[in-house]
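# Residue-level structure breakdown
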Amino acid sequence: MASSEKGQTVDLASLSIQQLSQVKKQLDDEVQHLTTSYQSLLAAQRKFRECLASIKNGIANSTQDKPLLVPLTASLYVPGTLADTEHVIVDVGTGFYVEKNVKEAGEFYNGKIEEVGGNVKSLEGIVNAKGQNLRVVEEVLRQKMVAANTSSNPAASAS
Amino acid sequence: MATVDQQKQLQTLSDEYQGFQTELQEAISARQKLESQQQENKSVQKEFAKLSDDANIYKLVGPVLLKQETAEAKSTVDGRLEFIEKEIKRIEKHISNIQEKSEDKKMEVSHYL
């Protein structure tokens, strides 16, 4: 049984059981790592969506004069009101924050959500492909082990 | 049949090879970190390009947001990007260097076997 991976054609049947185990372990690790990255991307996307939602719901004109509690520290809140419903300050990365109006901020977050969404899709494709390879290797490994067992226990297989 | 001396030599060589492999791993992970910083700074640069000159940009210094001039912030990010690119080139040279040395070691080790 031959399986080609990214230009490297490896005849799995020619590998010893030990080498197959190594390949399987390597694929296992890769899938693990990719799945963790996938989770992180999903979490990031969720955070951006939350930002978008809090802009839409919180900074509407209805909240303008409502009394708010503003956290000064993790355990100290101070009463206040929303001073500006038109502008927000957005974290754009590397320690920079930009003041934007509500519309621009919405566009910014939508852009981020789409970008991360694209990465999520391509990562999903890669994880699935690796999972496929892993299953193929496992199958060949299992067959080899069965073959090794039967060849070393001819009495058992004869019955 | 390898003599004790030869075995010791082999051991030393293969230890050195291991050392190269570890160094290679570290260099590769440093390169990945740089690449992710590069990505982040690129997206900040794009964001700044969209801004008009009177938009307010703030920099996070400790617990405080400090107001910065648009031009200054833009040039800070550009400068950072240049630095990161230089670092990436340097590390890539380092990586191919180590790879070469490690290949040579591998050849040496295989001559002993």
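Preceding this section is the structure that the text describes.
Another aspect to go through is the overall build of chain B. Summing up its helical and strand segments, chain B has 2 helices and 2 strands in all. The helix and strand sequence of chain B, counted from the amino end, reads α-β-β-α. Compactness check: chain B gives a C-alpha radius of gyration of 23 Å against a globular reference of 13 Å for 113 residues, more than 25% above the reference. Buried residues in chain B amount to 25% of all 113 residues. Of the accessible surface of chain B, which amounts to about 8100 Å², a share of 51% is contributed by carbon and sulfur atoms. In chain B, the 17 positive side-chain charges and the 21 negative ones have mean positions that sit 3 Å from each other.

The 4 strands lie next to each other as β5(A)-β6(A)-β1(B)-β2(B), forming an open sheet whose pairing is antiparallel. Here the strands that pair on one side only, and so sit at the sheet edges, are β5 (87-93) of chain A together with β2 (64-68) of chain B. Going from strand to strand, the sheet's axes swing by 35 degrees on average, the running direction of each strand aside. When strand β6 (residues 96-101) of chain A meets strand β1 (residues 57-61) of chain B, the two strands line up antiparallel, connected through 3 bridges. Bridged to A:Phe96 within β1(B) is B:Lys59. In this fold helix α1 (residues 4-50) of chain B packs onto β5 and β6 of chain A together with β1 of chain B, with an angle of close to 145 degrees to the strand it touches most, β5(A). On the sheet, helix α2 (residues 70-112) of chain B packs against β6 of chain A together with β1 and β2 of chain B and is oriented at approximately 135 degrees with respect to β6(A).

All names here are of chain A. This model, assessed by the stated rule, comprises 14 salt bridges over all chains. For glutamate 138, the salt bridge identified is with lysine 24, shortest N-O distance 3.7 Å. With glutamate 138 in helix α2 (residues 102-152) and lysine 24 in helix α1 (residues 17-58), the pair connects residues that are 114 residues apart, well separated along the chain. Look at glutamate 138 and you get partly exposed, because its relative accessible area is 29%.

Our focus in this paragraph is a nonpolar patch on the surface. Residues and elements named next belong to chain A. A surface patch of nonpolar side chains, about 390 Å² in accessible area, is lined by Leu68, Val70, Leu72, Leu76 and Val78. Mapped onto the elements, leucine 72 comes out in the loop between β3 (67-71) and β4 (77-81). On the basis of relative accessibility, which here comes to 58%, the residue leucine 72 falls in the exposed class.

What follows covers the side chain of B:Ser43. Position of B:Ser43 relative to the elements: it lies in helix α1. The exposure class assigned to B:Ser43 is buried, which follows from its relative accessible area of 18%. Not counting residues up to four positions away in its chain, the partners in contact with B:Ser43 are A:Val92 and A:Lys112.

Before going further, it helps to spend a moment on the packing of α1(B) against α2(B). Residue and element names in this part refer to chain B. Where α1 meets α2, the closest approach of the two axes is 8 Å, and the angle between their N-to-C directions is 160 degrees. Judged by the inter-axis angle, α1 sits roughly antiparallel to α2. The way α1 lies across α2 gives a crossing that is left-handed. For the contact of α1 with α2, the per-class residue count stands at 22 nonpolar, 11 polar and 15 charged.

Parameters at a glance
- Residues numbered from 1 in each chain as written.
- Chains lettered and ligands numbered in written order.
- Predicted model: local features only at pLDDT ≥ 70, side-chain atom pairs only at ≥ 80, totals over all residues.
- Heavy atoms only, no water.
- Helix = DSSP H or I, 4+ residues; strand = E, 2+ residues; numbered from the N terminus.
- Rg over C-alpha atoms; globule rule 2.2 N^0.38 Å.
- Buried < 20%, exposed > 50% of the residue type's maximum accessible area, 1.4 Å probe, protein only.
- Areas by Shrake-Rupley, 256 points an atom, 1.4 Å probe, with all protein chains shown as cover.
- Lys, Arg positive; Asp, Glu negative; His and termini not counted.
- Charge placed at Lys NZ, Arg CZ, Asp CG, Glu CD.
- Pairing = 2+ DSSP bridges.
- Axes fitted to C-alpha atoms, helices over the stretch in contact; angles between N-to-C directions.
- Contact = heavy atoms within 4.5 Å.
- Salt bridge = Lys/Arg side-chain N within 4 Å of Asp/Glu carboxyl O.
- Patch = residues over 30% accessible without salt bridge, like charges linked within 9 Å, V, L, I, M, F, W, Y side chains within 5 Å.
- Parallel < 35°, antiparallel > 145°, perpendicular 65-115°, else oblique.
- Left-handed = near helix turned anticlockwise from the far one by under 90°.
- Nonpolar A, V, L, I, M, F, W, Y, C, P; charged D, E, K, R; others polar.

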